[in-house]
Amino acid sequence: NDKMSLLTKIQSHLSPLSPTFDTQLFLTQLYEPSKIYKFDDLMTALPIVAEGIAGVQFYLGEEGDEGGWEYGLVNLAAFLAQCMKETIQYDACDENNWDMYNNQYPLSNACGQLGQSYQDYTCPPGEEHIQCPVDPNMEITATTHATWYGAPPGLFCGPKEKYPKTGFWDYAYWCDNPWNDPPESCDVYEGQKAGGFNNDEAVENRAGREDVEGCCWWGRGVIQTTGICNFGKLNFYLGARAAREGRPSRYPTIDFCKTPDAICSSEEYSELKWISGLWYWMDSVQNYNSNGWYYKTELHKFVNGGMTDDSFIDSISGIVNRGCHNPPCATGDVDGLTDRRGNFQSVLSALGLPSTGTKPSSTLPPIPSPTDNLESATASVSKSSLQQILDSLTELRPTIESNVLMYRNAYGVESLSDVYTFNAFIESLAHFSESGIGGKRFYIGSEQGSEQSSSDLRYGMVNVAAFLAQSRTESIQYNACEEFHSDDTSGKFAISNSCGQYGNEYQEMKCTDGLESGMTCPVLTDMRVEALDDGARYFDRPQFYCRPRTDEPFTGYYDARSSQINNDEAFANGSGRTDVEGCCFWGRGSLMTKGTCMLGKLNYFLGSRLNLDFCGGLGDICMRAKTNPAVVWEIGLFEWVDRIQSYSSDDWTYIDELHKFVDGGMRDATFITTVSDILTKGSPDALGRVPNSGQRWGNFNLMLRYLELKEEKPTALWAKSSSERQYDGRHTSLMLLAGGVVGGLI
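Residues numbered from 1 in each chain as written. Predicted model: local features only at pLDDT ≥ 70, side-chain atom pairs only at ≥ 80, totals over all residues. Heavy atoms only, no water.

### A look at the overall build of the protein chain
Helix and strand counts for the protein chain come out as 23 helices and 14 strands. Counting the 746 residues in the protein chain, one finds 56% classified as buried. Counting only contacts in the protein chain whose residues sit at least 6 apart along the sequence, the fraction spanning at least 24 positions is 69%. Summing over all exposed atoms, the protein chain offers an accessible surface of approximately 31500 Å²; the carbon and sulfur share of this is 47%. (Helix = DSSP H or I, 4+ residues; strand = E, 2+ residues; numbered from the N terminus. Buried < 20%, exposed > 50% of the residue type's maximum accessible area, 1.4 Å probe, protein only. Contact = heavy atoms within 4.5 Å. Areas by Shrake-Rupley, 256 points an atom, 1.4 Å probe, with all protein chains shown as cover.)

### Some details on the state of the cysteines
In total, this model carries eleven disulfides according to the counting rule given. Here Cys-481 engages in a disulfide with Cys-622; their sulfurs sit 2.0 Å apart. As the torsion about the S-S bond is roughly -80°, the Cys-481-Cys-622 disulfide counts as left-handed. Of the two residues, Cys-481 sits in the loop between helix 15 (454-474) and strand 10 (492-494) while Cys-622 sits in helix 18 (residues 621-625), which places them 141 residues apart along the sequence. The side chain of Cys-499 participates in a disulfide bridge whose partner is Cys-583; the two sulfur atoms lie 2.0 Å from each other. On the sign convention where negative is left-handed, the bridge of Cys-499 and Cys-583, at about 90° about the S-S bond, is right-handed. Taken together, the positions of Cys-499 in the loop between strand 10 and strand 11 (529-530) and Cys-583 in the loop between strand 14 (564-566) and helix 17 (596-610) put the pair 84 residues apart, joining distant regions of the chain. Residue class for Cys-499 comes out buried when judged on its relative accessible area of 3%. Overall, Cys-583 belongs to the buried group, its relative accessible area being 1%. (Disulfide = S-S within 2.5 Å.)

### A word on the pattern of salt bridges
Tallying each qualifying case throughout the model produces 29 salt bridges. Of the charged contacts in the structure, one is a salt bridge between Asp-579 and Arg-549, with a shortest N-O distance of 3.3 Å. Of this pair, Asp-579 sits in the loop between strand 14 and helix 17 while Arg-549 sits in the loop between strand 12 (545-546) and strand 13 (557-559), and the two are 30 residues apart along the sequence. The network of salt bridges with common partners includes Arg-549, Arg-577, Asp-579 and Glu-581. (Salt bridge = Lys/Arg side-chain N within 4 Å of Asp/Glu carboxyl O.)

### Considering the side chain of Gln-89
With respect to the helices and strands, Gln-89 occurs in the loop between helix 4 (69-86) and strand 1 (105-106). Residue classification places Gln-89 among the buried positions, given a relative accessible area of 15%. Ignoring anything within four residues of it in the chain, the contact list for Gln-89 reads Leu-27, Thr-28, Gln-29 and Met-84.

### Quick look at the packing of aromatic side chains
For the structure on display, the rule yields 43 aromatic pairs. Taking 5.7 Å as the distance between ring centres and 80° as the angle between the ring planes, the aromatic pair formed by Tyr-37 and Trp-274 counts as edge-to-face. Here the residue Tyr-37 occupies a position in the loop between helix 2 (18-25) and helix 3 (39-51), and Trp-274 occupies one in helix 8 (residues 272-285), the gap between them amounting to 237 residues. Given a relative accessible area of 0%, Trp-274 falls into the buried group. When the ring of Phe-605 is compared with that of Phe-638, the centres are 5.8 Å apart and the planes differ by 40°; the resulting orientation is tilted. You can see Phe-605 sitting in helix 17 and its partner Phe-638 sitting in helix 19 (residues 630-644), a full 33 residues away along the chain. Owing to a relative accessible area of 25%, Phe-605 belongs among the partly exposed residues under this scheme. (Phe/Tyr/Trp six-rings, centres within 6.5 Å; stacked < 30°, edge-to-face > 60°.)

### Some thoughts on the nonpolar core
Core analysis: the largest hydrophobic core is formed by 106 residues, its most contacted members being Val-74, Phe-79, Trp-274, Trp-281, Ile-316 and Phe-344. With sequence-adjacent residues up to four places away left out, Trp-281 is seen in contact with Phe-58, Asn-75, Ala-78, Phe-79, Gln-82, Ile-223, Gln-286, Tyr-295, Ile-316 and Val-320. Judged by nonpolar contacts, the second largest core, of 92 residues, contains Leu-386, Ile-444, Cys-481 and Leu-704. (Core = buried A, V, L, I, M, F, W, Y, C linked by side-chain atoms within 4.5 Å.)

### Focus: helix 2
Those residues of helix 2 that sit buried are Ser-18, Phe-21 and Leu-25. The buried residues of helix 2 occupy one face: seen down the axis, they fall within an arc of 110°. Away from the buried face of helix 2 by more than 90 degrees, exposed residues Pro-19 and Gln-24 are located. (Arc of directions from axis to C-beta.)

### Some points on helix 5 (residues 227-237)
Most of helix 5 sits out of view: ten of its eleven residues are buried. Considered for burial, the residues of helix 5 that qualify are Gly-227, Ile-228, Cys-229, Phe-231, Gly-232, Lys-233, Leu-234, Asn-235, Phe-236 and Tyr-237.

### Digging into the sheet that holds strand 13
Picture the strands of a sheet paired through backbone hydrogen bonds; they go either parallel or antiparallel. Spatially, the three strands line up as an open sheet ordered 10-13-14, and their pairing is antiparallel. At either margin of the open sheet sits one strand with a lone partner, and together these are strand 10 and strand 14. The mean angle between the axes of side-by-side strands here comes to 25°, regardless of whether they run parallel or antiparallel. (Pairing = 2+ DSSP bridges. Axes fitted to C-alpha atoms, helices over the stretch in contact; angles between N-to-C directions.)

### Focus: the packing of helix 10 (residues 311-322) against helix 11 (residues 337-350)
Relative orientation and spacing of two packed helices are given, respectively, by the angle between their axes and the distance between those axes. Running from amino to carboxyl end, helix 10 crosses helix 11 at an angle of 125°, the nearest separation of the two axes being 10 Å. Classified by the angle between their axes, helix 10 and helix 11 sit oblique to one another. Crossing geometry of helix 10 relative to helix 11 is assigned as right-handed. Residue-level contacts link Phe-312, Ile-313, Asp-314, Ser-317 and Asn-321 of helix 10 to Leu-337, Arg-340, Arg-341 and Phe-344 of helix 11. (Parallel < 35°, antiparallel > 145°, perpendicular 65-115°, else oblique. Left-handed = near helix turned anticlockwise from the far one by under 90°.)

### Brief notes about the packing of helix 4 against helix 9 (residues 295-304)
Relative orientation of the contacting elements helix 4 and helix 9 amounts to 110°, with a least axis distance of 10 Å. Between helix 4 and helix 9, the crossing angle belongs to the class labelled roughly perpendicular. Two secondary-structure elements touch here, helix 4 through Glu-70, Tyr-71, Val-74, Asn-75 and Ala-78 and helix 9 through Tyr-295, Leu-299, His-300, Phe-302, Val-303 and Asn-304. Class assignment of the residues belonging to the contact of helix 4 with helix 9 gives a composition of seven nonpolar, three polar and one charged. (Nonpolar A, V, L, I, M, F, W, Y, C, P; charged D, E, K, R; others polar.)

### Digging into the confidence of the model for the protein chain
Considering every residue of the protein chain, the mean pLDDT works out to 85; 87% of them sit at 70 or more. Predicted confidence is poor over residues 448-452, with pLDDT under 50, and the contacts of this stretch with residues over four places away or in other chains come to 13 contacts. The model gives residues 713-746 a pLDDT under 50, and that stretch makes 67 contacts with residues more than four places away or in other chains. (pLDDT = per-residue confidence, 0-100.)

### Quick look at unusual backbone geometry
With an omega of 0°, the peptide bond between Asp-181 and Pro-182 qualifies as cis. Here Pro-182 lies in the loop between strand 4 (168-170) and strand 5 (196-198). Each neighbour pair has its own omega, and for Leu-353 with Pro-354 the value is -5°, a cis peptide bond. By secondary structure assignment, the location of Pro-354 is in the loop between helix 11 and helix 12 (383-395). Phi at Gln-224 is positive, roughly 55°, even though this residue is not glycine. Within the secondary structure, Gln-224 sits in the loop between strand 5 and helix 5. A relative accessible area of 13% means that Gln-224 is categorised as buried. Positive phi outside glycine occurs at Asn-479, with the angle close to 55°. Structurally, Asn-479 can be placed in the loop between helix 15 and strand 10.

### Notes on the side chain of Glu-298
Relative to the elements of secondary structure, Glu-298 occurs in helix 9. The exposure class assigned to Glu-298 is buried, which follows from its relative accessible area of 17%. In this structure Glu-298 touches Gly-292, Trp-293 and Phe-312, once residues within four positions along its chain are discounted.

### What to know about the environment of Phe-585
When you line up the elements, Phe-585 lands in the loop between strand 14 and helix 17. A sequence separation of 40 residues divides Phe-585 from Tyr-545, and the C-alpha atoms of the two residues are 9.8 Å apart. Those residues in contact with Phe-585 that sit more than four places away from it in its chain are Tyr-506, Gln-507, Cys-521, Pro-522, Val-523, Met-527, Lys-594, Gly-595, Thr-596, Leu-599, Cys-615 and Leu-618.

What follows is the structure in structure tokens.
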């Protein structure tokens with residue numbers, strides 16, 4: 001309420017000043033009102049940033065202090081002073097091509113001006129997962145550009161295949177030559193009077209670039225949001241990525257990593273020009289704390305001191321323009337320092353500051369430790385801990401891809417899975433570790449604020465190993481997104497296995513716990529779904545399907561010996577089903593997540609983010625995975641954090657047992673055996689057998705070695721008891737024939 005009171009005060013104070021801002025402050029160099037930056041759009045943006053983005057709010061002043069809202073007004077004035085210099089005076093949303101080098105305007109200035117490289121402006125350690133990837137095939141042309149006589153057109157980017165080398169813009173070229181053969185006209189952009197492209201030879205910008213590949217990250221918006229980190233943050237907290245990963249998103253349809261130009265081109269969200277700059281201000285200026293200079297403390301000092309000293313605005317100008325509060329920094333002196341000072345005084349005057357009313361108290365906010373930068377409110381684990389896990393896995397990528405993410409195709413050739421890809425796994429793991437789903441996160445070994453020890457790192461890596469071992473067993477070795485026939489009676493596979501294998505009834509796997517009971521998918525008798533044939537093709541078996549009894553009153557079996565389907569008479573699966581009505585809830589994803597409860601939970605927590613209906617659109621899930629490979633990993637990771645990590649009984653809790661396993665030297669097979677029981681049967685005490693139990697155990701041991709958690713070679717599968725070998729013999733033989741992981745145990 002206090003924050004809203006501050007916002008109301010500031011809005012009430014600003015509203016009558018609309019004509020002043022639009023006609024006296026937001027002016028171009030020709031002293032004309034800006035056509036791009038409007039007061040009304042600013043007022044639309046202000047409540048959004050006051051409410052907060054990722055737990056960070058635009059500073060409106062001190063609550064409970066009668067005059068405390070003046071701090072908020074001065075914060076806004078400092079922001080606008082920089083905007084007036086950076087963009088408003090040029091009436092530009094996109095960065096102009098303005099850096100003349102060797103008396104030319106290189107077209108490669110799109111990559112960076114004044115010797116900068118925008119695509120190399122990465123996020124700091126611990127936040128690398130937020131930054132945008134650099135797509136070499138991205139093609140964008142700026143929406144706005146300078147309009148002076150002979151001015152260069154909008155910056156553009158494109159692949160080397162299309163633009164192997166680029167030249168320069170010749171601002172003195174006379175473009176209106178109707179008598180030339182062929183005729184020439186000034187048609188590069190509307191209103192062009194002179195100038196033209198000259199690509200006769202390659203021309204470097206100050207940083208030595210001659211191409212524009214991946215150079216789509218020039219400044220946009222009112223403070224020229226620049227670089228892959230800043231655009232990545234916009235996408236992570238405000239855009240399509242936030243929506244995909246289940247966080248609140250103001251602009252869920254805008255992917256700022258794929259369409260950074262939306263900031264300038266969007267007519268629907270014209271406030272984006274302000275939002276992008278305000279977010280930068282909140283993230284990088286309000287949060288600035290270096291060598292004893294903390295923004296909020298200095299703001300309070302300036303206001304309390306009567307608002308007469310230029311040192312405050314000079315320091316802010318240094319932060320915005322050069323990255324430090326005490327320039328010259330490594331990148332040079334502040335550009336236009338005098339203009340920035342004048343802008344600040346003009347805005348303060350328009351706001352009636354310093355005022356003659358009630359003054360705020362002189363209390364200064366405490367200066368936080370420089371390491372206490374404001375973190376996203378969505379993060380519940382130490383980003384440095386997560387980054388160590390991701391870095392370790394990335395270093396081991398060749399090992400993981402060549403040993404874990406492989407399958408043997410229909411021709412017997414070992415191939416890298418195109419269903420289970422490394423990049424999609426890392427992306428999904430990062431999301432589930434940092435943001436999670438439904439309040440549950442993938443365990444990486446430490447909590448937010450705790451220091452990461454070597455033991456913590458091992459806990460997280462062993463959790464990864466356990467997940468990958470089960471995924472390898474369930475799906476990866478078959479390159480399968482969907483479950484297929486594996487439960488047989490004397491070589492006969494019941495067609496009704498789609499209803500459930502090994503005695504399970506998937507449509508009866510309902511949620512029974514409190515609020516979750518309402519998440520269960522309804523079983524519709526008229527559903528018709530047919531699985532993809534990826535895993536089925538692996539063993540040359542028919543794929544699962546479901547359809548009503550009106551279509552097929554009963555079902556028979558598939559005879560593996562004759563490779564024929566026999567539907568002459570009913571043949572029951574392990575639970576007694578002889579039809580496939582409503583039997584559409586077979587396994588999907590890396591852990592073959594199945595049943596009306598788990599698929600219903602997926603629909604509740606992941607459906608909108610992945611744009612999938614996990615209850616009514618079951619046939620779409622694996623089709624979507626072909627274009628978004630993260631789908632198969634996210635389904636499995638969701639089940640892992642929901643069912644495995646969260647498992648707790650009177651005498652066995654997953655996290656505690658994980659710690660015991662690691663602390664005990666990672667030698668006891670009881671841990672992974674119990675995990676396999678929980679995954680396949682629901683609990684260690686449930687009746688029934690675990691399909692491929694020996695393979696799960698062997699895969700886990702190999703994962704520990706592949707992830708460099710154990711040096712010794714795992715005990716071979718053949719060292720098991722004779723009864724257990726017989727128990728798993730059929731599945732072991734199939735796996736060896738398929739070139740599975742256990743073959744590496746010999």
